[in-house]
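If you want the building blocks of each chain, they are given just below.
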Amino acid sequence: MIKTILAAIMGLSAGSVAAATVYTGDKIQGVPVISQLDVTDLAPGQTHRFMFRSAETSIGQYWYVPVMVAKGATPGKRVLLVAGVHGDELNPIAAVQETLTSLDPARMSGTVIGIMGASTPGLQGITRTWTINDLGGAQINPNRTWPGRENGNTVERHSWLIMNHLIKGNVDAAIDHHTGGTGTDFARFIFVFADSAESVTLARLFPVDQIMLDPGYPGTLEYALVQAGIPALTTELGGSRTFVPEMVKLGVDGNTNVLVHYGIIPGPLRPTSADTDVFIGNDLESVNGAAGGFVTALVKLNQAVTKGQPVAVQRNAFGDIVHTYTAPADGRVAILGTDAATERGGAIATILVKRDSCAGKQCDYGDVDE
Ligand SMILES: [Zn+2]
């Protein structure tokens, strides 16, 4: 009985938000290490830098995540900006850095928290996955591990610690920045949970070409946040591995608009989706390799396509066409494969589609790895 009560109390405390920022006493490159954040503790009117300590490594050390907190002189909404859940998606790093460094907290009402690279080993290796030592190396997709598990594997625990010791209790709205994975290129695109009206409002503040009203993809940070009562969206800022100025600007403009929207900083708004010819869809149709060989795309990102229109051809080693790929539905080109040598099942194109309704399994939502 006592054990049961104790377990219940511990269960409650495990999920609750601590009342104070916990400093471990360590510094890394001069930056204080924390294992718990509570923004109410921090001095107002300043930008604070931390290294957030997450899960243990295989050699008994820790993984750390760089965090900036711009705390306004007066209280207000608290917005989280995340980059680097996927370690090969780098435009988001610059977009979060530029947004944070542009702020003057002495003139802000509210707080902006930046996570400048969530998946430390993924970023070091410029790779989408996080390899754990299980059975000689299992590759984990970090954006399928949220909201994490306290006693899960390293990546699941890392996500759990970020969700419970960094985000919950500190955040009123969040933007999780991504790009296409290595080997693909993405249009200026946002995923947003269709049933979260405030999240959709935030999505429209980004000057993107396409918005996907999504069903909630389990394991993504975006969906875990929405389920935790925090409006959120996922951006796709072009392609991987490099800084592309126009894509970084897209992220900074959208972030800034969200801060203006919540009154954290003064306006005016920068360009929004009202200034683009935004296409809003609710389904994705993926075209995947039906053969092996070299692919030539016949369409460009964001191009309008009609069902049956050729979108790519594939050739064998002798240059003979072995397959012609066609659009499976009317829509806009959201993703294109960029690795010309393409295997069976590989990404060739994904089309954003607008259906009257997704009821009755009319939408398959593609096989996109958000
Ligand atoms: Zn991603």
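Structure: above.
Not measured: the values here are computed from a predicted model.

A. Structural view of the overall build of the chain. Counting secondary structure elements, the chain contains seven helices and 22 strands. Relative to the 2.2 N^0.38 estimate, which gives 21 Å for 370 residues, the radius of gyration of the chain is 21 Å and therefore close to what a compact globule would have. By its C-alpha atoms, the chain is 65 × 55 × 45 Å across when sized along the principal axes. The buried share among the 370 residues of the chain stands at 53%. In the chain, 66% of the contacts between residues at least 6 apart in sequence involve partners at least 24 apart. When the 26 basic and 35 acidic side-chain charges of the chain are each reduced to a single mean position, those positions are 3 Å apart.

B. Geometry of the packing of aromatic side chains. Going through the model one piece at a time under the given rule, you end up with seven aromatic pairs. Ring centres of Phe 186 and Phe 191 lie 6.2 Å apart, and the angle between their planes is 80°; on these two criteria the pair is classed as edge-to-face. The residues Phe 186 and Phe 191 share a single accessibility class, namely buried. A ring pair is formed by Phe 189 and Phe 191, whose centres lie 4.9 Å apart and whose planes are at 65°; its orientation type is edge-to-face. Within the aromatic cluster, the residues linked to one another by ring pairs are Phe 186, Phe 189, Phe 191 and Tyr 217. Above the ring of Tyr 62, the side-chain terminus of Arg 53 is found at 4.2 Å from the ring centroid.

C. Looking closely at the state of the cysteines. Inspection of the entire model under this criterion finds one disulfide. Between the sulfur of Cys 358 and that of Cys 363 lies a disulfide, 1.9 Å long from S to S. Because the sign of the S-S torsion sets the handedness, a value of about -80° for the bond joining Cys 358 and Cys 363 places this disulfide among the left-handed ones.

D. A look at the coordination of the zinc ion. Protein coordination at the zinc ion comes from His 86 (ND1), Glu 89 (OE), Glu 89 (OE) and His 178 (ND1), with a distance range of 2.0 to 2.4 Å. Around the zinc ion, the four donor atoms sit at angles spanning 58 to 146°, and that spread fits a shape best called irregular. When the donors of the zinc ion are listed by position in the chain, the intervening gaps give H-x2-E-x88-H. With Glu 89 in the loop between β5 (74–83) and α2 (91–101) and His 178 in strand β9 (residues 173–178), the pair connects residues that are 89 residues apart, well separated along the chain.

E. A look at the sheet that holds strand β19 (residues 321–326). Spatially, β19-β18-β16-β21 is the arrangement adopted by the four strands of the open sheet, whose pairing is antiparallel. Two strands lie at the open edges of the sheet, namely β19 and β21 (341–342), each paired on one side alone. Bridge count between strand β18 (residues 310–315) and β19: five bridges; the pairing is antiparallel. When the sheet's bridge partners are listed, Arg 315 is paired in β19 with Ile 321.

F. Looking closely at unusual backbone geometry. With an omega of 5°, the peptide bond between Trp 146 and Pro 147 qualifies as cis. By the element assignment, Pro 147 lies in the loop between β8 (138–140) and α4 (154–167). That bond from Gly 267 to Pro 268 is cis: its omega, 5°, falls within 30 degrees of zero. By secondary structure assignment, the location of Pro 268 is in the loop between α7 (245–261) and β14 (279–281).

G. Broad picture of the sheet that holds strand β1 (residues 22–28). In spatial order, the strands read β1-β2-β3-β4-β6-β5-β9-β13-β11-β12-β14; together these eleven strands make up an open sheet with mixed pairing. Single-partner strands in this sheet number two, and they are β1 and β14. The sheet shows a mean angle of 25° between the axes of neighbouring strands, taken without regard to direction. Where strand β4 (residues 62–71) meets strand β6 (residues 109–116), five bridges bridge the pair, whose relative direction is antiparallel. Among the inter-strand pairings, Val 69 is bridged to a residue of β6, identified as Ile 113. Strands in contact with α7 are β5, β6, β9, β11 (188–193) and β13 (232–237); relative to β9, the strand with the most contacts, it is inclined by about 175°.

H. Summary view of α2. α2 sits mainly inside the fold: eight of its eleven residues count as buried. Taken residue by residue, α2 has Asn 91, Pro 92, Ile 93, Ala 94, Ala 95, Val 96, Thr 99 and Leu 100 as its buried positions.

I. Layout of the pattern of salt bridges. For the structure shown, the criterion picks out ten salt bridges. The salt bridge partner of Asp 209 is Arg 188, with a shortest N-O separation of 3.9 Å. Of this pair, Asp 209 sits in the loop between α5 (197–203) and β12 (210–214) while Arg 188 sits in strand β11, and the two are 21 residues apart along the sequence. Overall, Asp 209 belongs to the buried group, its relative accessible area being 18%. Given the relative accessible area of 22%, Arg 188 is considered partly exposed. Glu 285 is the salt-bridge partner of Arg 355, the closest N and O atoms lying 2.7 Å from each other.

J. Geometry of the environment of Asn 257. Mapped onto the elements of the fold, Asn 257 is located in helix α7. Judged by relative accessible area, which is 0%, Asn 257 ranks as buried. Here the alpha-carbon distance between Asn 257 and Arg 204, two residues 53 residues apart in the chain, equals 9.8 Å. Once residues within four sequence positions are removed from consideration, Asn 257 is found in contact with Leu 205, Leu 269, Arg 270, Pro 271 and Thr 272.

Definitions and cut-offs
Counting restarts for each chain: residues are numbered from 1 in the order of the written sequence. The predicted nature of this model means local features are confined to residues of pLDDT at least 70 and side-chain atom pairs, given and counted, to a pLDDT of 80 or more, with totals for whole chains, interfaces and linings taken over all residues. With hydrogens and water set aside, each side-chain value is computed from the structure's full complement of heavy atoms. Runs of E in the DSSP output that reach at least two residues are strands. Runs of H or I that reach at least four are helices, and both are numbered from the N terminus. It is over C-alpha atoms that the radius of gyration is taken, and the globule rule equals 2.2 Å times the number of residues to the power 0.38. Three exposure classes are used, based on accessible area relative to the maximum for each residue type with a 1.4 Å probe and protein chains only: buried under 20%, partly exposed in between, and exposed over 50%. Any two residues whose heavy atoms approach within 4.5 Å at even a single point are treated as in contact. A positive count includes Lys and Arg, and a negative count includes Asp and Glu. His and the chain ends are not counted in either. Charge positions come from single atoms, namely NZ of Lys, CZ of Arg, CG of Asp or CD of Glu. Under the pairing criterion, centres of Phe, Tyr and Trp rings, with the six-membered ring standing for Trp, must be within 6.5 Å; the plane angle then separates stacked pairs below 30 degrees from edge-to-face pairs above 60, leaving the rest tilted. Our definition puts a charge over a ring when NZ of Lys or CZ of Arg is within 6 Å of the ring centre and also within 35 degrees of the ring normal. Count a disulfide wherever a pair of cysteine sulfur atoms falls within 2.5 Å. Ligating atoms shown are N, O and S within 2.8 Å of the metal, or 3.2 Å for Na, K and Ca, and water is not included, meaning a site may look less than complete. Under the classification used here, a metal with four donors is tetrahedral if each angle lies between 85 and 135 degrees, square planar if opposite donors are over 155 degrees apart and the others between 65 and 115, a six-donor metal meeting that same test is octahedral, and anything else is irregular. Whether two strands pair depends on DSSP finding at least two bridges between them. Note on geometry: axes are lines fitted to C-alpha atoms, helical ones only across the stretch in contact, with angles between N-to-C directions running from 0 to 180 degrees. Here a salt bridge means any side-chain nitrogen of Lys or Arg lying within 4 Å of a carboxyl oxygen belonging to Asp or Glu.

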